[in-house]
Amino acid sequence: MSRRYSFDDREVVRINEFKKQYPQWSCEPLTAQKRAIFSIIRDKNTRKDEFVFYADRMTRLLVEEALNQMPFERTTVETPVQDATAPATKFVSKICGVSIVRAGECMEGALRAVCRGCRIGKILIQRDEETLEPNLIYTKLPSDVAERQVLLMDPMLATGGSAIRAIEVLIDQYNVPEDKIVFMNLVAAPEGVHRLCKRFPKVKVVTGVLDDRLNEKGYIVPGCGDFGDRYFGTI
Ligand code: PRP
Ligand code: URA
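Residues numbered from 1 in each chain as written. Chains lettered and ligands numbered in written order. Predicted model: local features only at pLDDT ≥ 70, side-chain atom pairs only at ≥ 80, totals over all residues. Heavy atoms only, no water.

Colleague: Which residues make up the packing of helix H2 (residues 32-42) against helix H3 (residues 48-67), and what values do they have?
Modeller: Geometrically, a packed helix pair is captured by the angle between its two axes and the distance between the axes. Contact geometry of H2 with H3 gives a least axis separation of 9 Å together with a crossing angle of 140°. By the angle class used here, H2 and H3 are oblique. When you trace H2 past H3, the crossing you get is left-handed. Between H2, through Gln33, Lys34, Ile37, Phe38, Ile40 and Ile41, and H3, the contact on the second element is made entirely by Phe51, Tyr54, Ala55, Arg57, Met58, Leu61 and Glu65. Looking at the contact of H2 with H3, its residues break down into nine nonpolar, one polar and three charged. (Axes fitted to C-alpha atoms, helices over the stretch in contact; angles between N-to-C directions. Helix = DSSP H or I, 4+ residues; strand = E, 2+ residues; numbered from the N terminus. Parallel < 35°, antiparallel > 145°, perpendicular 65-115°, else oblique. Left-handed = near helix turned anticlockwise from the far one by under 90°. Contact = heavy atoms within 4.5 Å. Nonpolar A, V, L, I, M, F, W, Y, C, P; charged D, E, K, R; others polar.)

Colleague: Would you mind going over the site of ligand 2 in detail, with residue names and values included?
Modeller: Looking at ligand 2, the residues that line it are Arg127, Met156, Ala158, Gly218, Tyr219, Ile220, Gly225, Asp226 and Phe227. Between ligand 2 and the protein, one listed contact pairs an oxygen atom with a backbone N or O atom of Ile220 at 2.8 Å. Contact between ligand 2 and Gly225: a nitrogen atom at 2.8 Å from a main-chain N or O atom of the residue. Across the complex, the protein chains shield 89% of the 240 Å² of accessible surface that ligand 2 would expose by itself. (Near = heavy atom within 4 Å. Polar contact = N/O pair within 3.5 Å; in protein donor to acceptor, adjacent residues only side chain to side chain. Areas by Shrake-Rupley, 256 points an atom, 1.4 Å probe, with all protein chains shown as cover.)

Colleague: Explain unusual backbone geometry to me, using residue names and the numbers behind them.
Modeller: With omega at 15°, the peptide bond leading from Val101 into Arg102 counts as cis. With an omega dihedral of 0°, the bond running from Val221 to Pro222 counts as a cis peptide bond. With respect to the helices and strands, Pro222 occurs in the loop between strand E12 (220-221) and helix H7 (227-232). With a phi angle near 70°, Leu132 is a residue other than glycine that sits in the positive phi range. Structurally, Leu132 is set in the loop between strand E5 (119-127) and strand E6 (134-140). When its relative accessible area of 19% is taken as the criterion, Leu132 is described as buried. One non-glycine residue, Asn175, lies in the positive phi region at around 60°. Along the chain, the position of Asn175 falls in the loop between helix H5 (161-173) and strand E9 (181-188). On the basis of relative accessible area, Asn175 is assigned to the exposed category, the value being 59%. (Buried < 20%, exposed > 50% of the residue type's maximum accessible area, 1.4 Å probe, protein only.)

Colleague: Provide a residue-level description of the UniProt feature "domain: Phosphoribosyltransferase" (unreviewed entry) in the protein, including the pertinent values.
Modeller: The UniProt record annotates "domain: Phosphoribosyltransferase" (unreviewed entry) at residues 33-234. Between the C-alpha atoms that bound residues 33-234 there is a distance of 28 Å. The span itself is 33% helix and 31% strand. (UniProt positions renumbered as here; feature names shortened; annotations may be inferred.)

Colleague: Hey, could you go over the pattern of salt bridges for me, with residue numbers and the actual values?
Modeller: Tallying each qualifying case throughout the model produces twelve salt bridges. A salt bridge links Lys122 to Glu108, with the nearest nitrogen and oxygen atoms 2.9 Å apart. One end of the pair, Lys122, is in strand E5; the other, Glu108, is in helix H4 (residues 108-114), with 14 residues separating them in the sequence. For Lys122, a relative accessible area of 23% corresponds to the partly exposed category. Looking at Glu108, the relative accessible area reads 8%, which means it is buried. Taken together, the shared-partner salt bridges in this structure form one network comprising Lys94, Asp144 and Arg148. (Salt bridge = Lys/Arg side-chain N within 4 Å of Asp/Glu carboxyl O.)

Shown next as structure tokens:
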């Protein structure tokens, strides 16, 4: 029998505990729509084209949430109605995206769809499959990145090593202020959230879903497997 979805109280309590500990972290309780999308993304039998479609769709929803973390200012607009003005808000700073290559590139299309002409930099980091340590290989960022709000993108936050390395590059090599970085990820392990939020308390983190744990190989459980391999079809 079909029924309307109601929130799982335990999930809300768990998310709220993390939010209390890390006010810079946000993760909205899953709506029925998001739950259905994640179910397809997680399913090992989902075909590549379906995986790409639903991962893109979920990323689009997450980009909208991440944009709420950007600074706005209050203003007013005149409406077409005579002598009428309405309260309004507008973005106060320029933004740019930075993807952690390879899997972070999967999120670029959703950002472009929402922010027309958005500049996008790349940081190529590969996680060593044995040691789980991140290896920084290549960086190319807009020259004025330090003056922009940076939306850092990677679908998976596992140990947190890759995201931390990318944020170190932004802060130490490109002088991006810590509080101008928003890190967006679709699936996070608690271990990664703890490590990242403790290391960079001013970086805002927007997570799609908080999973249970990491396994001994550094995969998120239940997770969705190797995101990049499934998205690009390199399994
Ligand atoms: C994956 C993922 C993250 C990283 C997360 O990338 O896209 O970048 O692992 O793990 P961590 O939090 O433990 O660092 P991977 O290095 O496997 O490369 P890929 O993007 O080519 O799949
Ligand atoms: N990277 C992935 O793609 N999946 C995981 O579960 C962990 C890291």
